[in-house]
Structures are given as structure tokens and as C-alpha cells.
Amino acid sequence: MKTIIFIFFVSLCIVSCYSPRYVYSPSAQNIPLLKKKNDIEITGFYDGSINTFSKKGNYNRGFDMHTAWAINNHFGVMLNESLQWEKNGGNDSFFPNDSSYLSYKRSFTDIGAGYFTSSAKNKALQFQVFGGAAFGASKIFDDFTSNNIQIKKYHYSRVTKFFIQPALIYSFFKKFSTTLSSRFNELLFSHVRTNYTSVELDNYILDSITVSPLFFWEPAVSYTFGFKKFPIKFRLQGSISVLLNHRFVEYRSSNIGLGIVSDFIQKKK
């Protein structure tokens, strides 16, 4: 019994003292409501993960710019830009004088294309599926302090992401719609530059990210609403991220954001 209690205590200490190095953080999803040729939608999102740390100064913030254009009545293209800034930190070991404060910068440019169509029985219901690729970089900056000696650590990597994103959109009214989507991501890490030691890379679960791709499933729900005689709409979106690999990596598991939508709808002749 004493052995079990000791193991539980040690495990609790490890969890409470460990500062994770996040290799991935989900961003807002571009789910445009396109109906016919030459419809254009532009959305700006301010978003981030739900903060799981209670300490002051820990945050995850991002800005996403989404654009989509219907090249005909059923096919569209999209171009997205994503920027993220994050911080987390605290004690990094059993020693009270050791600590790490981590900051992150991530940037991605997405390009994609897809198909959309309305239900033959209910024009208010639309199905769409978009897919594409994203190219970007992830940077981790680590201010590590041990016995009052500060050491600057870093971990840089290029990231290529492939995604497919089916979604259902239901327009209850002209100014209100709700969306259910299910995005699948494949992440490839390459060109890693770091001054972490091999032991540190192993401890922080960073040594295996280039071995094989990482796969994430990200279901999301969003609500788009506007007001009469108001030129813009608002979009509230929330999603969760689920790692599909057997091997574990540190990642943020949620995203919530508020967006401003401007659409340019072609009037029917």
C-alpha cells in the first residue's frame, strides 16, 4: 500500500512540475457559405485555446484570415493565413530553482479547393468538402533558469499540413446559419533546428516528431449570425483536436474564436 501511495505521489509531482512543449495548436476552420458562381466570403478570426493553466501569463492567441471564392455554381477555392502566439511555463523539475518559460510563434498559409451543393429536397441544407495543403513554421523559445543561471533554448521546425474538411451547413434564416464540420489533418515536420540536448529532446517528447506524420481529427461547430441593414456578420466557432497516432506528443486540444464575416453575394438575374 505504501508503495502504491509513493508511486502516485511521484506521478503527481511529475505532472504538476512538467512544462509541456506543444508541437501543434489547432486554428479556426474556414467553412464558407458559397451558393453560386462568383460568391466571395472574407472572414477575420481572433481565436485561441481554452487556457488549462491557472498561472498568470499563460495564454494561446491567434489571428486567422480566411478567403473563399466560388469559381462556378459547385466548385470553390480558398486561401487562408494563420498566426499564433503562445506562452506557458513553470517549474520544470523537482528542483524549486529550476524553471522554464516557453513562448511560441506559429504561422501557416493554406490553399485549398472544394465542392459544395445544396440538398435537392431542402435548399437550406448544404454539403461541402474542401481539401488542401498548408505550409508554415513552428518556433519554440525556452527561457530556462537553473540555480539563477539563465539559458536560452530553442526549437525551430518547418511544418507541412494536408487536410480534408467535410461540412454540413444549415441556414435557418437569411442572417443565421449553423455548421458542423470534421477536419482531418496530416502534419509533417522537417528541417528541425534546436540546441536542446538529445536527453532533453527525449524528455520533452520532441525527438520523434520527424519520424512519421502526425494525424489529428478536429470536429467543429460554428454559428453565423447577422442583423438587418448591417453590412457584416459574426461567426462563433469552437473545435476540439484529437490525436489519432498511437505515439503521444504534446498539443493543444481545443480552439474557440469569434470572427467577422464580409460576403459579396452575386444577385440573381
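Residues numbered from 1 in each chain as written. Predicted model: local features only at pLDDT ≥ 70, side-chain atom pairs only at ≥ 80, totals over all residues. Heavy atoms only, no water.

Caption draft 1: Region of interest: the overall build of the protein chain. Along the backbone of the protein chain there are two helices and eleven strands. What you see in the protein chain, going N to C, is helices and strands ordered as α-β-β-β-β-β-β-β-α-β-β-β-β. A total of 269 residues make up the protein chain; the buried ones form 43% of that total. Of the roughly 15000 Å² of accessible surface on the protein chain, 66% is carried by carbon and sulfur atoms. (Helix = DSSP H or I, 4+ residues; strand = E, 2+ residues; numbered from the N terminus. Buried < 20%, exposed > 50% of the residue type's maximum accessible area, 1.4 Å probe, protein only. Areas by Shrake-Rupley, 256 points an atom, 1.4 Å probe, with all protein chains shown as cover.)

Caption draft 2: View of the packing of aromatic side chains. For the structure shown, the criterion picks out 14 aromatic pairs. Here the aromatic rings of Phe-184 and Trp-217 are separated by 6.5 Å at their centres, their planes lie at 20°, and the arrangement is stacked. Within this pair, whereas Phe-184 is found in strand E7 (residues 176–194), its partner Trp-217 is found in strand E8 (residues 214–226), the two being separated by 33 residues in sequence. Under the relative-accessibility criterion, Phe-184 is labelled partly exposed at 37%. Residue Trp-217 is classed as partly exposed on the basis of its relative accessible area of 32%. For the ring pair Phe-227 and Phe-230, a centre distance of 6.4 Å and an interplane angle of 75° mean the geometry is edge-to-face. Here the aromatic cluster, defined as three or more aromatic residues joined through ring pairs, consists of Phe-225, Phe-227, Phe-230 and Phe-234. The positively charged end of Arg-61 is found above the aromatic ring belonging to Tyr-59, 4.0 Å away from the centroid. (Phe/Tyr/Trp six-rings, centres within 6.5 Å; stacked < 30°, edge-to-face > 60°. Lys NZ or Arg CZ within 6 Å of the ring centre and 35° of its normal.)

Caption draft 3: Examining the side chain of Asn-255 more closely. Relative to the helices and strands, Asn-255 resides in strand E11 (residues 254–264). Judged by relative accessible area, which is 4%, Asn-255 ranks as buried. Engagement of the side chain of Asn-255 in a polar contact is seen with the side chain of Asp-47, the distance being 2.9 Å. Leave out the neighbours within four places in its chain, and Asn-255 touches Pro-26, Ser-27, Ala-28, Asp-47, Gly-48, Ser-49, Gln-237, Gly-238 and Ser-239. (Polar contact = N/O pair within 3.5 Å; in protein donor to acceptor, adjacent residues only side chain to side chain. Contact = heavy atoms within 4.5 Å.)

Caption draft 4: Region of the structure containing the nonpolar core. Counting 21 residues, the largest nonpolar core has Val-23, Leu-187, Phe-189, Leu-214, Phe-216 and Val-249 as the members making the most contacts within it. Those elements giving two or more residues to this core turn out to be strand E4 (98–118), strand E5 (125–146), E7 and E8. A total of three residues in this core trace back to one element, the largest contributor, which is E4. (Core = buried A, V, L, I, M, F, W, Y, C linked by side-chain atoms within 4.5 Å.)

Caption draft 5: Focus on the pattern of salt bridges. This model, assessed by the stated rule, comprises nine salt bridges. Across the pair Glu-86 and Arg-106 runs a salt bridge whose closest N-O atoms are separated by 2.8 Å. A residue pair is termed long-range when its members are at least 10 positions apart, and Glu-86 in strand E3 (residues 75–91) and Arg-106 in strand E4 qualify at 20 residues. For the pair formed by Glu-86 and Arg-106, the shared burial category is buried. Among the ionic pairs, Arg-183 bridges to Glu-218, the shortest N-O distance being 2.8 Å. With Arg-183 in strand E7 and Glu-218 in strand E8, this residue pair connects regions lying 35 residues apart in the sequence. Like Glu-218, Arg-183 is buried. Each of Glu-86, Arg-106 and Arg-252 takes part in salt bridges that share partners, so that together they form one network. (Salt bridge = Lys/Arg side-chain N within 4 Å of Asp/Glu carboxyl O.)

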